[in-house]
Amino acid sequence: MTQRIEEERTCLDLGTMTRAQVLDELMNFPGAVRLDFTHEFVANRSLDQLKHILAAARMHISIKLNEKNVPPALAPAN
């Protein structure tokens, strides 16, 4: 249930973000995995495409953080 709440918050948050805000977070993503996009790549993407990439990154990082708290027998297989 917590993951679903985080996904809903991410969607609501992204819905209000400007292109500049999305680009700033993508280019300086504060997760364990560094996102590496060229300026040319992001310039050629629509705002909706960039928001989709950011939503996927946020959800992936939150899932990884939550997996650390799951006992090994219950953790999903890779």
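Reading guide: rules and limits
- Residues numbered from 1 in each chain as written.
- Predicted model: local features only at pLDDT ≥ 70, side-chain atom pairs only at ≥ 80, totals over all residues.
- Heavy atoms only, no water.
- Salt bridge = Lys/Arg side-chain N within 4 Å of Asp/Glu carboxyl O.
- Helix = DSSP H or I, 4+ residues; strand = E, 2+ residues; numbered from the N terminus.
- Buried < 20%, exposed > 50% of the residue type's maximum accessible area, 1.4 Å probe, protein only.
- pLDDT = per-residue confidence, 0-100.
- Contact = heavy atoms within 4.5 Å.
- Core = buried A, V, L, I, M, F, W, Y, C linked by side-chain atoms within 4.5 Å.
- Polar contact = N/O pair within 3.5 Å; in protein donor to acceptor, adjacent residues only side chain to side chain.
- Phe/Tyr/Trp six-rings, centres within 6.5 Å; stacked < 30°, edge-to-face > 60°.
- Lys, Arg positive; Asp, Glu negative; His and termini not counted.
- Arc of directions from axis to C-beta.

1. Points about the pattern of salt bridges
Line of reasoning, step 1. All told, the structure shown has two salt bridges when counted by the stated rule.
Line of reasoning, step 2. Linking E25 and R58 is a salt bridge whose minimum nitrogen-to-oxygen distance equals 2.7 Å. Placement of E25 in helix α2 (residues 19-27) and of R58 in helix α4 (residues 47-67) is noted, with a sequence separation of 33 residues between them. Each of the two residues, E25 as well as R58, counts as buried.
Line of reasoning, step 3. One network of salt bridges, with partners in common, ties together D13, E25 and R58.

2. Quick word on the confidence of the model for the protein chain
Line of reasoning, step 1. With 76% of its residues at a pLDDT of 70 or more, the protein chain has an overall mean of 78.
Line of reasoning, step 2. Across residues 63-67, confidence stays below pLDDT 50; counting only partners more than four residues off in sequence or on other chains, it has two contacts.

3. Brief notes about the nonpolar core
Line of reasoning, step 1. Among the nonpolar cores identified, the biggest contains 12 residues, and these are L14, M17, V22, L26, F29, L35, V42, L50, L54, A55, A57 and I61.
Line of reasoning, step 2. Those elements giving two or more residues to this core turn out to be α2 and α4.
Line of reasoning, step 3. If one sorts the elements of this core by residue count, α4 sits on top with five residues.
Line of reasoning, step 4. Setting aside residues up to four positions removed in sequence, L26 forms contacts with L35, F37, L50, I53 and L54.

4. Points about the environment of T16
Line of reasoning, step 1. Relative to the assigned elements, T16 resides in the loop between α1 (2-15) and α2.
Line of reasoning, step 2. One polar contact links the side chain of T16 to the main-chain carbonyl oxygen of D13, over a distance of 3.0 Å.

5. As for the packing of aromatic side chains
Line of reasoning, step 1. Under the definition given, this model contains one aromatic pair.
Line of reasoning, step 2. Between F37 and F41, the aromatic rings sit 5.4 Å apart at their centres with planes inclined by 10°, giving stacked as the arrangement.

6. Side note on the side chain of K51
Line of reasoning, step 1. Structurally, K51 can be placed in helix α4.
Line of reasoning, step 2. Here K51 is buried and forms no salt bridge, its nearest opposite-charge partner D48 lying at an N-O distance of 5.3 Å.
Line of reasoning, step 3. In this view, K51 contacts L14, G15, M17 and V22; residues no more than four positions away in its chain are not counted.

7. Quick word on the side chain of E25
Line of reasoning, step 1. Residue E25 is classed as buried on the basis of its relative accessible area, which comes to 18%.
Line of reasoning, step 2. Excluding anything up to four places from it in sequence, E25 contacts M17, P30, L54 and R58.

8. Some thoughts on α2
Line of reasoning, step 1. Here α2 has its buried residues at V22, E25 and L26. For α2, the arc enclosing every buried residue in end-on projection is 100°, short of the 170-degree limit, so these residues lie on one face.

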